[in-house]
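What the coordinates show
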Amino acid sequence: MTLAAVLFDLDGTLVDTLPICYLAFRGALEGAGAPTMTDGDIHALFGPSEEGMLQRVLPNDWERVLPAYFDEYRRLLASCPVVAPEVSAALALLRERRISTALVTGKSRVTATMSVQHFGLDDAFDAIECGSSQGVVKADAIRRLLERWRLPPADAVYVGDGASDMVAAREAGVLAAGAAWAHGARATDLKDAGADLIFTDAREFLTWLDAATRELATGAVSPQRPSSGRR
């Protein structure tokens, strides 16, 4: 296949931020006097943005706690590893070959912006789509971007580390690529969720991406760049 668009999840896919997501959420809750939650408890809340996650735990007090979560997340970002060289190389390859790129994350606009700026990813994407407090909206975001770019789903891939990412990709009709190189990612979960491809090493993903976009790079197919800026 020849790819014309590559869309990425953020946490656990492009950057190893899942540990601080758990720490920040737990710290904000404990500061509010809420019961302690394990990483697994917090992960089970994933789907909606942080606003929606907090609403599930503290339905009457979440608005007061949300700023504390943002502060904790901002503070902990400094402890995260930098973007892996292979992932940076993949993003650079896509820009060089003028392949449409997007970040499609379940995070809130606030923490997504913090993360993009902290990791120096400001110029890595043609579009950024964030989550909703109401629930998972990734499939709709992927469809919306492809419609804007006038690309068929068959020409795109969504790369993520979670089973829900694979489900979203399949709902949107794009190739589902599992990033099993990330913290806590399990290849079996990705396979069970319908992943078309699973990469246990980011170097394998870079090699595959190079081959899948080479036809566009040689001019055999004319790339279609987005006609509008970020959302």
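Some thoughts on the overall build of the chain
Looking only at helices and strands, one finds 10 helices and six strands in the chain. At 17 Å, the chain has a C-alpha radius of gyration in line with the 17 Å of a compact globule built from 231 residues. Dimensions of the chain, computed from the C-alpha atoms along their principal axes, are close to 60 × 35 × 30 Å. Put simply, the chain has 231 residues, and 51% of those count as buried. Long-range contacts, defined as pairs at least 24 residues apart, comprise 68% of the intrachain contacts of the chain with a sequence gap of at least 6. Entry remark: accessible area of the chain is about 10,300 Å², with carbon and sulfur atoms responsible for 50%. Treating the 23 positive side-chain charges of the chain as one cloud and the 31 negative ones as another, the clouds have centres 4 Å apart.

Regarding the pattern of salt bridges
Applying the stated rule across the entire model yields 16 salt bridges. Close ionic contact of K138 with D9 constitutes a salt bridge, the shortest N to O distance being 3.1 Å. Residue K138 is found in helix α7 (residues 138–149), and its partner D9 is found in the loop between β1 (5–8) and α1 (18–31); the two are separated by 129 residues along the sequence. Of the charged contacts in the structure, one is a salt bridge between R203 and D201, with a shortest N-O distance of 2.8 Å. Given a relative accessible area of 23%, D201 falls into the partly exposed group. One salt-bridge network, in which partners are shared between bridges, spans D9, K138 and D165.

Notes on the packing of aromatic side chains
Inspection of every chain in the model, using the stated rule, returns nine aromatic pairs. Ring centres of F199 and F205 lie 5.5 Å apart, and the angle between their planes is 70 degrees; on these two criteria the pair is classed as edge-to-face. For the pair shown, F199 and F205 are each scored as buried. Put simply, the rings of F8, W181, F199, F205 and W208 pair up and form one aromatic cluster.

Considerations on the state of the cysteines
Per the counting criterion, the structure on display carries zero disulfides. You can see C80 has no disulfide; the closest cysteine sulfur is in C21, sitting 7.8 Å from it. By relative accessible area, C80 is classed as buried at 10%.

Considering the environment of D71
You can see D71 is positioned in helix α4 (residues 62–77). Considered as a pair, D71 and V136 are 65 residues apart in the sequence and their alpha carbons are 24 Å apart.

What about the sheet that holds strand β2 (residues 100–104)?
If you walk across this open sheet you meet the six strands as β3-β2-β1-β4-β5-β6, and the pairing is parallel. Because the sheet does not close on itself, it has two edges, and the strands there are β3 (127–129) and β6 (197–199). Neighbour-to-neighbour, the strand axes of this sheet turn through a mean angle of 20 degrees, independent of strand direction. As paired strands, β1 and strand β4 (residues 156–160) are joined by four bridges and run parallel to one another. What sits directly across from V6, in β4, is V157.

A few points about the layout of surface pockets
Where empty space is left becomes clear once a probe the size of a water molecule has been rolled over the atoms. There is about 680 Å³ of room inside the largest pocket. L18, H43, F46, D161 and S164 are the residues nearest the centre of the largest pocket, which is lined by 36 residues in total. Counting residues per element, the ones that place at least two in the lining of the largest pocket are α1, α2 (39–43), α3 (50–57) and α8 (163–172). The class makeup of the residues in the lining of the largest pocket is 13 nonpolar, 13 polar and 10 charged. If you add up the space inside the second largest pocket, you get close to 180 Å³. Looking at the second largest pocket, it is lined by 14 residues, and the ones nearest its centre are L14, V15, D16, A84 and W181. Classifying every residue of the lining of the second largest pocket gives 10 nonpolar, three polar and one charged.

Definitions and limits used
- Residues numbered from 1 in each chain as written.
- Predicted model: local features only at pLDDT ≥ 70, side-chain atom pairs only at ≥ 80, totals over all residues.
- Heavy atoms only, no water.
- Helix = DSSP H or I, 4+ residues; strand = E, 2+ residues; numbered from the N terminus.
- Rg over C-alpha atoms; globule rule 2.2 N^0.38 Å.
- Buried < 20%, exposed > 50% of the residue type's maximum accessible area, 1.4 Å probe, protein only.
- Contact = heavy atoms within 4.5 Å.
- Areas by Shrake-Rupley, 256 points an atom, 1.4 Å probe, with all protein chains shown as cover.
- Lys, Arg positive; Asp, Glu negative; His and termini not counted.
- Charge placed at Lys NZ, Arg CZ, Asp CG, Glu CD.
- Salt bridge = Lys/Arg side-chain N within 4 Å of Asp/Glu carboxyl O.
- Phe/Tyr/Trp six-rings, centres within 6.5 Å; stacked < 30°, edge-to-face > 60°.
- Disulfide = S-S within 2.5 Å.
- Pairing = 2+ DSSP bridges.
- Axes fitted to C-alpha atoms, helices over the stretch in contact; angles between N-to-C directions.
- 1 Å grid on protein atoms, 1.4 Å probe; cavity = no way out; pocket = protein on both sides within 12 Å on 5 of 7 lines; lining within 4 Å.
- Points joined across faces, edges and corners; volume = space filled by probe spheres on them.
- Nonpolar A, V, L, I, M, F, W, Y, C, P; charged D, E, K, R; others polar.

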